[in-house]
Amino acid sequence: MFSRFKTEGILLNSFDSGESDRFFIVYTADFGKIRVFAKSIRKSSSKLRFGANNFFLNSIEFIEGKKKRTLTDIQTINNYKRIRQSLYSSALALKACEDLDILTKEEEKDDGLWSLIKDFLSKLDESKNDKEAFSLYLKFIWPLFSLLGYEPDLNSCLSCNGEISLAEKIYFSAGEGGVVGSCCVDSDNQKRATDKREIDLIKKMIKGGLEEIDSGTKENIKSISEDYIKHLSSR
Ligand SMILES: [Zn+2]
């Protein structure tokens, strides 16, 4: 008994199987993240191999068997030409796909996540320069944490619940999922130094707000998000 399905999906990752087969990890509109088996796709005669590239938006068809889903057709809807023309934007698109893959479970349809990755890629495709591209990545990753239920507590010190002042040096604790003030910080070097201004920017990004951010700030906010991804994926 086989059922046939068609949906839109973004390729997050793939890995080889056997001599000429491959598995794809696809984030789809209708099924969330799924694993699809592509038989003989690495043979030059395979028509499936066109469009089978990471971060491309495709229309895919597959049949669902007892043990696996098998790809029967793949048509590219958007190959994000302008992203591919920029090494920097390509790296960010691949990174976003990797983050989404690392942080999500399979088989959970989620319209919010689907819109987030799709919008990120279309905006990245239209971005004018690397600076804008990087801001777009940050505006992808922070709402992603939030949609997955990992929104950090950024309003007060996690330890004493004390208010965070603008002048104070504060720390982001990936392990505890929030900020710790200088009131309570210990010698634990697992925490990354930040300040209220950066934390306020992160809060705006979580809400999808557009902000001009200077490069130094962006790098630190990216490091904070990297710490958090590392922590979440190691649990
Ligand atoms: Zn405190």
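Keep in mind it's a predicted model, so treat the numbers as computed, not measured.

Considering the sheet that holds strand β1 (residues 3–17)
And step 1. Strands sit in the order β1-β2-β3-β5-β4 around a closed barrel of five strands; the barrel is mixed. With direction set aside, neighbouring strand axes in the sheet form an average angle of 50°.
And step 2. Across seven bridges, strand β2 (residues 21–28) lies against strand β3 (residues 32–38) in antiparallel orientation. Each residue of the ladder has a partner; that of V26, found in β3, is I34.
And step 3. Sheet strands in contact with helix α2 (residues 87–103) are β1, β2 and β3, and its direction is about 105° off that of β1.
And step 4. Lying over the sheet, helix α3 (residues 111–126) contacts β1, β2 and β4 (57–64), oriented at roughly 65° with respect to β1.

As for the pairing of strand β6 (residues 169–173)
And step 1. Along β6, four of the five residues are buried, which leaves the element largely enclosed by surrounding structure.
And step 2. With five bridges joining them, β6 and strand β8 (residues 191–195) adopt antiparallel strand pairing. Counted as the bridge partner of Y171 is A193 from β8.
And step 3. Bridge count between β6 and strand β7 (residues 178–180): three bridges; the pairing is antiparallel. The residue bridging S173 from the neighbouring strand is G178, located in β7.

Observations regarding the packing of α3 against helix α4 (residues 130–147)
Two measures define how a pair of helices packs: the angle their axes make with one another and the distance between the axes.
And step 1. Between α3 and α4, whose axes approach to 10 Å, the crossing angle comes to 180°. Here α4 runs roughly antiparallel to α3, going by the angle between their axes. Seen from α3, the contacting residues are G112, L113, L116, I117, F120, K123 and L124; seen from α4, they are A133, L136, Y137, K139, F140, P143, L144 and L147.

A short note on the nonpolar core
And step 1. The biggest cluster of nonpolar side chains holds 52 residues, and the ones touching the most others in it are I117, Y137 and W142.
And step 2. By residue number, the principal contributor to this core is α4, which donates ten residues.
And step 3. Three or more residues apiece are contributed to this core by two domains, here domain 1 (3–78) and domain 2 (169–233).
And step 4. Apart from the residues within four sequence positions on either side, Y137 is in contact with L92, K95, A96, D99, F120, K222, E226 and I229.
And step 5. Membership of the second largest hydrophobic core comes to 13 residues, among which are L11, F24, F62 and I74.

Here we look at the domain arrangement of the protein
And step 1. Here the protein is described as being made up of domain 1 (3–78) and domain 2 (169–233).
And step 2. Here the C-alpha centre of domain 2 lies 36 Å away from the C-alpha centre of domain 1.

Focus on the coordination of the zinc ion
And step 1. All of the protein donors around the zinc ion are C157 (SG), C160 (SG), C183 (SG) and C184 (SG); their distances to the metal are 2.3 Å.
And step 2. Taken together, the four donor atoms coordinating the zinc ion and their angles of 105 to 115° define a geometry best described as tetrahedral.
And step 3. Look at where the donors of the zinc ion fall in the sequence and you get C-x2-C-x22-C-C. With C160 in the loop between α4 and β6 and C183 in the loop between β7 and β8, this residue pair connects regions lying 23 residues apart in the sequence.

Here is what the cut-offs are and how they apply
Residues numbered from 1 in each chain as written. Predicted model: local features only at pLDDT ≥ 70, side-chain atom pairs only at ≥ 80, totals over all residues. Heavy atoms only, no water. Pairing = 2+ DSSP bridges. Helix = DSSP H or I, 4+ residues; strand = E, 2+ residues; numbered from the N terminus. Axes fitted to C-alpha atoms, helices over the stretch in contact; angles between N-to-C directions. Contact = heavy atoms within 4.5 Å. Buried < 20%, exposed > 50% of the residue type's maximum accessible area, 1.4 Å probe, protein only. Parallel < 35°, antiparallel > 145°, perpendicular 65-115°, else oblique. Core = buried A, V, L, I, M, F, W, Y, C linked by side-chain atoms within 4.5 Å. Domains from an automatic or database assignment. Donors = N, O, S within 2.8 Å, 3.2 Å for Na, K, Ca; no water. Tetrahedral: all angles 85-135°; square planar, octahedral: opposite > 155°, others 65-115°.

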